[in-house]
Amino acid sequence: MASLYHSQEKNRFLTWVYISIFLVLVIGVGYVFAGALGNRAILYIAVFFSVGTSFVSYWWSDKLVLKMSNAKPLLFNDNPEIYRLVENLAITAGIPMPKIYVTHDSALNAFATGRDPEHGVICLTTGIMTALDRSELEGVISHELSHIGNRDTLVSTIVVVLAGFVALLADWFRNMALFGGRDNENNSGQAIFFIAGLVLSVLAPLAALLIQLAVSRRREYLADASGALLTRYPEGLARALEKISRDTEPLEVANRATAHLYIANPLKGQAFANLFSTHPPIQERIARLREMEQGATSETVTR
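Basis of the calculations
- Residues numbered from 1 in each chain as written.
- Predicted model: local features only at pLDDT ≥ 70, side-chain atom pairs only at ≥ 80, totals over all residues.
- Heavy atoms only, no water.
- Helix = DSSP H or I, 4+ residues; strand = E, 2+ residues; numbered from the N terminus.
- Expected span 1.5 Å × (residues − 1).
- Phe/Tyr/Trp six-rings, centres within 6.5 Å; stacked < 30°, edge-to-face > 60°.
- Buried < 20%, exposed > 50% of the residue type's maximum accessible area, 1.4 Å probe, protein only.
- Lys NZ or Arg CZ within 6 Å of the ring centre and 35° of its normal.

## Points about helix H3 (residues 80-93)
The terminal C-alpha atoms of H3 lie 20 Å apart, and with 14 residues this matches the ideal 20 Å at 1.5 Å per residue to within 8%. Count one or two residues on from H3 and you reach Gly94, which has phi positive near 75 degrees.

Below you can see the structure in the form of structure tokens.
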């Protein structure tokens, strides 16, 4: 298991590398757009907004996501079995008991949010709570607790906010390019900036999306492995993912901004969403978990 712990440290390091790249991308795009339109205020706005949204994401991302998901608190008396499952697994993971929320939707899904383990939140749909058995629910909950323990929830939110801002900035520049807003058109230096701005307005959102995909997919694999280590039963999560993959109902409250938070892509049946899914192929995740199960079984037999 030393390799898993090494992967966790590497994952956390790469996360901050990705965020740094994102911030550089935002500032670079703002600089080029400012030069193209001859307005330095654009650069200042880009820097201020990227830093500001990161700050907002840090402090209030969990509340925003829960509100967008129509999630309601789940208390002990509402469902003692779920409450005890989360409590026992949190103790095993060595993290504080997260708040539990529920989204009333028959789709099978779950997500975690919160800026750190002390402010962790797990949200389950009513569909997943009724469709999975105890070992499968343990697998799902351990996966989400791993996201909290690895601090994935904060990073994922910041990354998606920055990616969204890059896309908005690119859309705004293209509109300005089409409908005016550029001064000193005879200035050759500004003309170069303008051409570079047009190219960036197309490529920057794609680059931001690729960074977001790299961050999210890496985290899903790691959370699967960490969750399986927590329960010592990879098959439970594997079976849960199989049931989730067979569920064809999209989650009504999910959208492209929040899809990356869920244990599986909630935008079922949308070709574009599947092409640029923030989740790795679910069959590949199941295969990896089954390999872990076989490895653990072989080790037990050898002993």
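## Some details on the environment of Pro281
Examined against the element boundaries, Pro281 turns out to sit in the loop between helix H9 (271-275) and helix H10 (282-302). With 17 residues separating them in the primary sequence, Pro281 and Ala264 have C-alpha atoms 9.3 Å apart.

## Regarding the packing of aromatic side chains
For the structure shown, the criterion picks out three aromatic pairs. Taking the centre distance of 5.4 Å and the plane angle of 85 degrees together, the rings of Phe76 and Tyr83 count as edge-to-face. Taking the relative accessible area as the measure of exposure, Tyr83 reaches 23% and is therefore partly exposed. With a centroid separation of 5.0 Å and an interplanar angle of 70 degrees, the aromatic rings of Phe111 and Tyr262 are classed as edge-to-face. In this pair, Phe111 sits in strand S3 (residues 110-113) while Tyr262 sits in the loop between helix H8 (234-246) and H9, placing the two residues 151 residues apart along the sequence. In this structure, Phe111 and Tyr262 share a single accessibility class: buried. We note Arg288 situated over the ring of Tyr221; from NZ or CZ to the ring centre the distance is 3.7 Å.

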